[in-house]
Structure formats: C-alpha cells, structure tokens
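# Notes for the structure review
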Amino acid sequence: MSVTPETFGVAQAEVDGTVVLFSPKVRFASTNESQFDAMMDWRAELELGYFGGRQDGSVDLGDTPDVFGGYVDFLQIRLGEHDVWDLLDSLSQAAEMFGALFDGGEVGDWVEDDFEHMLPPVNSVLIITAVSIAKALRGNSIGAWLVAEVIARMASATDTLVLMYPHPLGHPADDISELEAVDKLTRYWQRAGFDPVGSHPGFLAQSTAFQIFGERRRELDHTLVVRLSFD
C-alpha cells in the first residue's frame, strides 16, 4: 500500500534535507459504476518511487515502496450504441455535465465549428471527470503528465475525442479573481494538448487524430522529477 507525500512531513524528524520522487507508475482499475456495455469508468492512480532523506539515501517508512501522487477519474464511451446523455446521467453530476456536447449517440455539431481542420470520424470519447494531485506535489505539472499518460494508454490513436471540464461544477466565474483562475486552468491544460470549446465555455477538447497529444506527452516526460525539501 502506498503512502502519501505528506507522510514525509510526519516523519520529518527522520528526514534530513530533500526527498526525490521519480519513476512514476500509473495503475488502472475500473470503478465498476457503469451498468452499460457502451461505457467503462476508470480510475488511474499515480505512484512514484522515492530516494533521499538520510545519509544512506533512504527514508524509513517501513516496507512501503511507493508514494501515492494522485489520481484521474475518466470514462470511455463507444459512440453510436446508446444515447450518451443517458449514459452520463446514470453516473454523476460531473459526468452529466458533458451531456450537452452530444446529440443522441454521437458528438454534437459543435465539433465541426471548433476544429479548424477536418476532423476524421469520431468513434469513441474519453472524458476526464476528475483530477486530484497530492497537495505537496502540486506545481510540478504532475496533473498534466498523468492525464497525458491516461490518453496515451487508454484512447484510440486515431478516432477518439478527449474531453475535460476542469472548472468547479455549476459554478460560473463571476468576479475578476475567478475569471483569472479559470483562465489559468485553461492555459495549464493546454499544455497537455487541449483546446477550449468555443461554443461551450469551460469545456476543453482535442482529438487523438492529430499529433498534439503525443507531442505534449513527450515534452512533459522530461519534467517529472519532484524534490520535497524539509527544514
């Protein structure tokens, strides 16, 4: 069983200097909430190895080999088999919000307007419904890296549309600070390859038919080494 990064803070008396987290692994498991064959629901959990702390290069946390870094919840849906809104409505509010992007069993007409170049046929969608990164690890692009890994492993290489809504559910920005926060989040997820959906503010989308997800994943691969320092 993994420990959290905060465990190093609890063990601060045992730690001297810096703990380096590296060698990320992503574990996938179905959350088994979907009752429809056309939809699968998943959680991808991030684990990292660690090194440092004592002069012998170790942190004494028992036999636990990994650190839990966060998770991504997401859905895979095969199009053309069922009304997508019904599928999403059967799960949660976070999933239901994406229903506005679909028309029956297919993606809505907004796709033709929002993608400047011709989009090949879309046969499936991958919907990111939640991203949670351990507080001690935030600011290291781990969320973008983890989402990029999910897309690379779980989306078809040519015909999957990937969707996100990274803002608080049902809470439109209504002041300057919130608008700035929304803009910051949008720019952050553009680092992973997403673009804003112009006709549906707040939503982000990108197709695996283009090369951008692969390019951004390779860029993010060079950044995922995290150092936690203790006074």
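Residues numbered from 1 in each chain as written. Predicted model: local features only at pLDDT ≥ 70, side-chain atom pairs only at ≥ 80, totals over all residues. Heavy atoms only, no water.

With that out of the way, let us pick up a negative patch on the surface. A cluster of like negative charges, contributed by D103, E106, D109, E112 and D113, occupies part of the molecular surface. Its location among the elements puts E106 in strand 5 (residues 106–107). (Patch = residues over 30% accessible without salt bridge, like charges linked within 9 Å, V, L, I, M, F, W, Y side chains within 5 Å. Areas by Shrake-Rupley, 256 points an atom, 1.4 Å probe, with all protein chains shown as cover. Salt bridge = Lys/Arg side-chain N within 4 Å of Asp/Glu carboxyl O. Lys, Arg positive; Asp, Glu negative; His and termini not counted. Charge placed at Lys NZ, Arg CZ, Asp CG, Glu CD. Helix = DSSP H or I, 4+ residues; strand = E, 2+ residues; numbered from the N terminus.)

Bringing the packing of aromatic side chains into the picture now. Following the criterion strictly, the structure yields seven aromatic pairs and no others. Ring centres of Y188 and W189 lie 4.9 Å apart, and the angle between their planes is 85 degrees; on these two criteria the pair is classed as edge-to-face. The partly exposed category is assigned to Y188, whose relative accessible area is 22%. Through successive ring pairs, a cluster of aromatic residues spans F28, W42 and F74. The positively charged end of R43 is found above the aromatic ring belonging to Y71, 3.7 Å away from the centroid. (Phe/Tyr/Trp six-rings, centres within 6.5 Å; stacked < 30°, edge-to-face > 60°. Buried < 20%, exposed > 50% of the residue type's maximum accessible area, 1.4 Å probe, protein only. Lys NZ or Arg CZ within 6 Å of the ring centre and 35° of its normal.)

Here V111 shows up in helix 4 (residues 110–114). With relative accessibility at 9%, the residue V111 sits in the buried group. Apart from residues no more than four positions distant in its own chain, V111 is found in contact with L119 and L161. (Contact = heavy atoms within 4.5 Å.)

Without other data, these values stay purely geometric and don't point to any function.
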